[in-house]
Amino acid sequence: MAADAGPDRRTVLAAIGVAAWAIDEELDEVTRRMQLFAASNVDDASLEQLEASVEVVGRRYETSDAATVYPIALKQRRWVAELMTGHQHPAQRRHLYLVGGKLSGLLGYLAFDLGNELVARAYCNEAMSLAKAAGHGDLAAWVRGTQSFIAYYGGRYREALDLARDGQRYARSGPASIRLAISGEARTLGKLGDAAGVDEAVGRALTAHAKIHDADPVGYFLSFDPFTASRIAGNAASAYLAAGAHERAREFTDQAIPIFAAAESTASHALTLVDASLTYLAGPSAEPDRAGALVSQALAVGADLRSEVVARRAKDFLTTAAPWRAVPEIANVADGWETFRRTERMADHWWWRPGWRPDRHYLTWYLVFHDQALTDHVASFQRELADLDYLAPVSVDGLHITVQGVAFADEMPPDQVAALGKAADEQCADIEPFTLVVGPISAYPGGTFLRAAPWVPVAELRERLRTAIDTVLGPDRVSDEPARFKPHISVTYCNATPPATEVIGRLTELRQRPPISLPVASVDLLELRRDGHAYRWDIRHHIDLTSRNHHEDRGHANQHEHPTASSRRTLPNPPF
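Residues numbered from 1 in each chain as written. Predicted model: local features only at pLDDT ≥ 70, side-chain atom pairs only at ≥ 80, totals over all residues. Heavy atoms only, no water.

Draft legend 1. Highlighting helix α17 (residues 372–384). The end-to-end C-alpha separation of α17 is 19 Å, in line with the 18 Å expected for 13 residues at 1.5 Å each. Within the span of α17, buried status applies to Leu 374, Thr 375, His 377, Val 378, Ala 379, Ser 380, Phe 381 and Gln 382. Tucked inside the fold, the buried residues of α17 contact β2 (391–393), β4 (434–444), β5 (447–453), β6 (488–494), α20 (501–510) and β7 (516–520). The N-capping residue of α17, defined by a side-chain oxygen 3.1 Å from the backbone nitrogen of Ala 373, is Asp 371. (Helix = DSSP H or I, 4+ residues; strand = E, 2+ residues; numbered from the N terminus. Expected span 1.5 Å × (residues − 1). Buried < 20%, exposed > 50% of the residue type's maximum accessible area, 1.4 Å probe, protein only. Contact = heavy atoms within 4.5 Å. Polar contact = N/O pair within 3.5 Å; in protein donor to acceptor, adjacent residues only side chain to side chain.)

So, in structure tokens, the structure goes:
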């Protein structure tokens, strides 16, 4: 009978103890997981602060420029990236995706406004990924709007329209739908010549806007809220202008200009003034003097802006106004002097462009000059300005005109550089040498320069080089650098921010000096690198216009062909 009694009390207690220990361990494991789940490196206050920083970036851009705002947005974006390496609740994680996506979208626009489309497109792609990860259709729609904007200013109108319409799929009549309709669809349809499409898109934007409460008549351009009435009017003006409906365009500019002016909305005010000026160059009763006065006002309003968008719109004006270039108001715009006369302060030229750093090289095409008459002419101006210690003279053996940027050297292997040289040889084979007229001296906040004219032969050479880049790298990698393409030869660069009054006074007298003629017979592909406050360059490819005597990699060879110049130069100032 004893054998059937089962386990004794000691065995039972031991078994219970083991089971209890296992349960305790499992309970501890669950507790630790709950603590981890409850832990977060962000709280609601931090997320609210991050959201506020997004609004600060957008509002600050409205009254300053991209170069000022870009570092602020980049700092905030890096903070979000650091937070995302930690642990958050699912809702907080989605909120970080949203904030990070907004900041990436803003950086995409700002990078484009600084002239770096490749960086801009990368940020937009990142923003789109984050918008989808957050499940936030409004942000995805906003990003599509920015991508459409970039394509529009790149002249890719069909792509811009497709992106805007795809954005509407995400917007679903939300905040971004008005922006997509008026800025993305209407303006692009105008460029494509679809006047009926412009009417429909503008009407759709106005109808949608009528359904919302618009307490702020201005808002700000980089807002994630619906477009305000003034911004709809400004974009409608651009759309109708592109479609050739100039009277209709003027109706909208007349609505928008006083609102932007009162709100000190600098970039929007300047852009709408340019649109208004273009309406006076149309039709049989064109008023070029009035158009020139308006665009001079626009450039004065935006004098302190480093804006790719404003620069491109002003370039459109100069192209359209070419038949009236002898009209004084138009001539002053082309020269830039009228704009500079209204400048209050000089600007430090030595800000770092996106992508640049001390150890990075850049490939670009230059016209490099070794002309004694030009050297003497530039040196005479530099002597007159020598007592202004904030104006650093350009080395007279490094005088040049920037024609077309290519890419950072670390983005192009040697075989691609060689292929680019060969493609450029073929494109430029039938270009004849030409002569430019250099002068009078002029200025902008970052320095002084000699304007070069006519622009046509330089622009033609630039287009051939852009075609060569397209052939080797593809159309998406054809840089818009220099963003503000106006052929000129720099005389000095500013390294401080003093009042502009003294420079204006000096140049008013110096501008009386007659211009000189300058022969152009070659173009060079250079590899640049910034070394402190200097640029060094090596010639990677040389093209003699109308000659088949092209030379690759002249960094340490063929110096005897230009005995006054070294193929490796040190410039005390940027080459842009």
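Once the structure has been displayed, the description carries forward.
Draft legend 2. Fine view of empty space enclosed by the protein. Here the structure, examined in full by the defined rule, presents five cavities of 30 Å³ or more. Its volume calculated, the largest cavity comes out at about 270 Å³. Forming the boundary of the largest cavity are 23 residues, of which Phe 221, Arg 231, Asn 235, Ser 268 and Leu 271 lie nearest the centre. Counting only elements with at least two residues in the lining of the largest cavity, the list comes to α2 (44–63), α6 (137–153), α8 (176–191), α10 (229–242), α12 (266–279) and α14 (308–320). For the lining of the largest cavity, the element with the highest residue contribution is α12, accounting for five residues. Looking at the lining of the largest cavity, its residues break down into 11 nonpolar, seven polar and five charged. (1 Å grid on protein atoms, 1.4 Å probe; cavity = no way out; pocket = protein on both sides within 12 Å on 5 of 7 lines; lining within 4 Å. Points joined across faces, edges and corners; volume = space filled by probe spheres on them. Nonpolar A, V, L, I, M, F, W, Y, C, P; charged D, E, K, R; others polar.)

Draft legend 3. Highlighting the nonpolar core. Residues Leu 110 and Phe 317 are the most contacted members of the largest nonpolar core, which totals 99 residues. Once you skip the residues sitting within four places of it in the chain, Phe 317 turns out to touch Val 274, Ser 277, Leu 278, Leu 281, Ala 291, Gly 292, Val 295, Ile 330 and Val 333. By size, the runner-up hydrophobic cluster in this structure holds 56 residues, among which are Ile 441, Ala 452, Phe 485 and Tyr 493. (Core = buried A, V, L, I, M, F, W, Y, C linked by side-chain atoms within 4.5 Å.)

Draft legend 4. Quick look at the confidence of the model for the protein chain. Summary statistics for the protein chain give a mean pLDDT of 83 and a share of 84% for residues scoring 70 or more. Between the elements of the protein chain, mean pLDDT differs from a low of 35, seen in strand β11 (residues 569–571), to a high of 96, seen in helix α7 (residues 157–171). Note on residues 548–576: pLDDT is under 50 here. Beyond four places in sequence and across chains, it has 94 contacts. (pLDDT = per-residue confidence, 0-100.)

Draft legend 5. Structural detail: α10. Spanning 14 residues, α10 covers 20 Å between terminal C-alpha atoms, matching the ideal 20 Å at 1.5 Å per step. Counting buried positions along α10 yields 12 of 14 residues, so the element is predominantly enclosed. The set of residues buried in α10 consists of Ser 230, Arg 231, Ile 232, Ala 233, Gly 234, Asn 235, Ala 236, Ala 237, Ser 238, Ala 239, Tyr 240 and Leu 241. The positive-phi residue at the C-terminal boundary of α10 is Gly 244, with phi of around 85 degrees.

Draft legend 6. Region of interest: the layout of surface pockets. What the second largest pocket holds in volume is close to 420 Å³. Tyr 220, Ser 223, Phe 224, Asp 225 and Pro 226 are the residues nearest the centre of the second largest pocket, which is lined by 23 residues in total. Residue assignment for the lining of the second largest pocket shows that the elements contributing at least two residues are α2 and α6. The element contributing the most residues to the lining of the second largest pocket is α2, with four residues. Considering only residue class, the lining of the second largest pocket consists of nine nonpolar, five polar and nine charged.

Draft legend 7. Local environment of the pairing of strand β8 (residues 522–530). With respect to burial, β8 is a largely interior element, eight of its nine residues being buried. Taken together, the six bridges between strand β1 (residues 361–368) and β8 define a ladder with antiparallel strand orientation. Note on β8: the bridge partner recorded for His 361 is Arg 529. Where β8 meets strand β9 (residues 535–544), nine bridges bridge the pair, whose relative direction is antiparallel. Bridge pairing in β9 links Leu 528 to Trp 537. (Pairing = 2+ DSSP bridges.)

Draft legend 8. The packing of α8 against α10, seen in detail. Where α8 meets α10, the axes come as close as 7 Å, and the angle between the chain directions of the two elements is 15 degrees. In terms of orientation, α8 and α10 fall into the roughly parallel class. You can see that α8 and α10 cross each other, and the crossing is left-handed. Counting all contacts with α8, which are made through Ile 178, Ile 182, Ser 183, Ala 186, Arg 187, Gly 190 and Lys 191, the residues of α10 involved are Ile 232, Asn 235, Ala 236, Ser 238, Ala 239 and Ala 242. Of the residues contributing to the contact of α8 with α10, the split by class is seven nonpolar, four polar and two charged. (Axes fitted to C-alpha atoms, helices over the stretch in contact; angles between N-to-C directions. Parallel < 35°, antiparallel > 145°, perpendicular 65-115°, else oblique. Left-handed = near helix turned anticlockwise from the far one by under 90°.)

Draft legend 9. View of the side chain of Arg 187. Within the fold, Arg 187 resides in helix α8. Buried charged residue Arg 187 carries no salt bridge. Nearest counter-charge: Asp 275, at 6.4 Å. Excluding residues within four positions of it along the chain, Arg 187 makes contact with Phe 149, Tyr 152, Tyr 153, Ile 182, Asn 235, Ser 238, Ala 239, Ala 242 and Arg 313. (Lys, Arg positive; Asp, Glu negative; His and termini not counted. Salt bridge = Lys/Arg side-chain N within 4 Å of Asp/Glu carboxyl O.)

Draft legend 10. Representation of the sheet that holds β2. Spatially, five strands are ordered β2-β6-β5-β4-β7 in an open sheet, and the strand pairing comes out antiparallel. The open sheet has two free edges, formed respectively by β2 and β7, since each of these has just one partner strand. The sheet shows a mean angle of 35 degrees between the axes of neighbouring strands, taken without regard to direction. The sheet contact formed by β5 and β6 spans five bridges and is antiparallel. Bridge pairing links Leu 450 to Ile 489 in β6. Sitting on the sheet, α17 is in contact with β2, β4, β5, β6 and β7, with an inclination near 30 degrees to β6.

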